[in-house]
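Report on the structure
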Amino acid sequence: MNTTPSDVLAFWQDAGPEHWFAKSDAFDRRFRERFHDAHFAAARRECDGWAASAQGALALLLLLDQYPRNAFRGTGHMYATDPLARRFARGLLSQGFDQHVDRALRVFCYLPLSHAEDLADQRRALELNRVLGEPYVQHAQGHHDIIERFGRFPHRNPLLGRDSTPEEVAFLAEGGFAG
């Protein structure tokens, strides 16, 4: 693998906010093709050394948290590396590396915690996003509230082979967060 943390960060920064949170088949394809090998190398723990710097740790989070959500959209594999992403996010935070990440990208240090189906992680994500302000606080609050209410994200149930409760079905039918 010839990918460096700088390659990942440059791609992500060049994509910008208009692609970070939007659904785009073209962007998903470019991201998937460019970083396929790097994502799987990170998943195999071959890039763990990147976590020794703020920029490297952020690149790992992008490969383990954001990449699968784009590259494997609509499949259970979207969430396969979430535990690793949370591990590296906690490490990044314990080192204070988030404070060395450009403010525009800092939300990606916290998103693995917002994506967690764990209330403690949700609380921490909400606290961290409060410093960033809107729109990040609103999104973090929404994620937190769903986990507080259901203990999981109901929209993931079909992809992960989980049965939905009647309350979850009603939540989704009424326009509740669907990913």
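Per chain, residue numbering runs from 1 following the sequence as it is written. The predicted nature of this model means local features are confined to residues of pLDDT at least 70 and side-chain atom pairs, given and counted, to a pLDDT of 80 or more, with totals for whole chains, interfaces and linings taken over all residues. No hydrogens and no water enter the side-chain calculation; it runs on all heavy atoms of the structure.

1. A few points about helix α7 (residues 119-132)
Put simply, the rule reads: Per the convention used, a helix needs a DSSP run of H or I reaching at least four residues, while a strand needs a run of E reaching at least two, with both numbered from the N terminus. In this scheme, a helix's expected span is set at 1.5 Å multiplied by one less than its residue total. Only protein chains enter the accessibility calculation, which uses a 1.4 Å probe; a residue is then buried when its area is under 20% of its type maximum, exposed when over 50%, and partly exposed in between. We call two residues contacting when some pair of their heavy atoms lies within 4.5 Å. N or O atoms closer than or at 3.5 Å make up a polar contact, with two conditions inside protein: a donor-capable atom paired with an acceptor-capable one, and, for residues adjacent in sequence, both atoms drawn from side chains.
A rise of 1.5 Å per residue sets the reference length of α7, with its 14 residues, at 20 Å; its end C-alpha atoms lie 20 Å apart and thus fit the reference within 8%. Turning to α7, its buried residues are Asp121, Gln122, Ala125, Leu126, Leu128, Asn129 and Leu132. In this fold, the buried residues of α7 make contact with α5 (82-94), α6 (107-114) and α8 (136-150). Between a side-chain oxygen at the N-terminus of α7 and the backbone nitrogen of Ala120 the separation is 3.1 Å; the capping residue is Asp118. Directly beyond the C-terminal end of α7, a positive phi value near 85° is found at Gly133.

2. Description of the environment of Asp121
Relative to the elements of secondary structure, Asp121 occurs in helix α7. With relative accessibility at 8%, the residue Asp121 sits in the buried group. C-alpha of Asp121 to C-alpha of Tyr67: the two residues are 54 residues apart in sequence and 20 Å apart in space.

3. Quick word on the nonpolar core
Note the following rule: The definition of a nonpolar core used throughout is a set of buried Ala, Val, Leu, Ile, Met, Phe, Trp, Tyr and Cys residues joined through side-chain atoms within 4.5 Å.
Ranked by size, the top nonpolar core spans 46 residues in total, and within it Trp12, Phe35, Leu58 and Phe108 carry the most contacts. Those elements that place two or more of their residues in this core are α1 (5-15), α3 (25-43), α4 (54-71), α5, α6 and α7. Examining the composition of this core, we find that 11 residues originate from one element, α4, more than from any other. In this view, Leu58 contacts Leu9, Leu92, Val101, Leu105, Phe108 and Cys109; residues no more than four positions away in its chain are not counted. By size, the runner-up hydrophobic cluster in this structure holds five residues, among which are Ile146, Ile147, Phe153 and Phe171.

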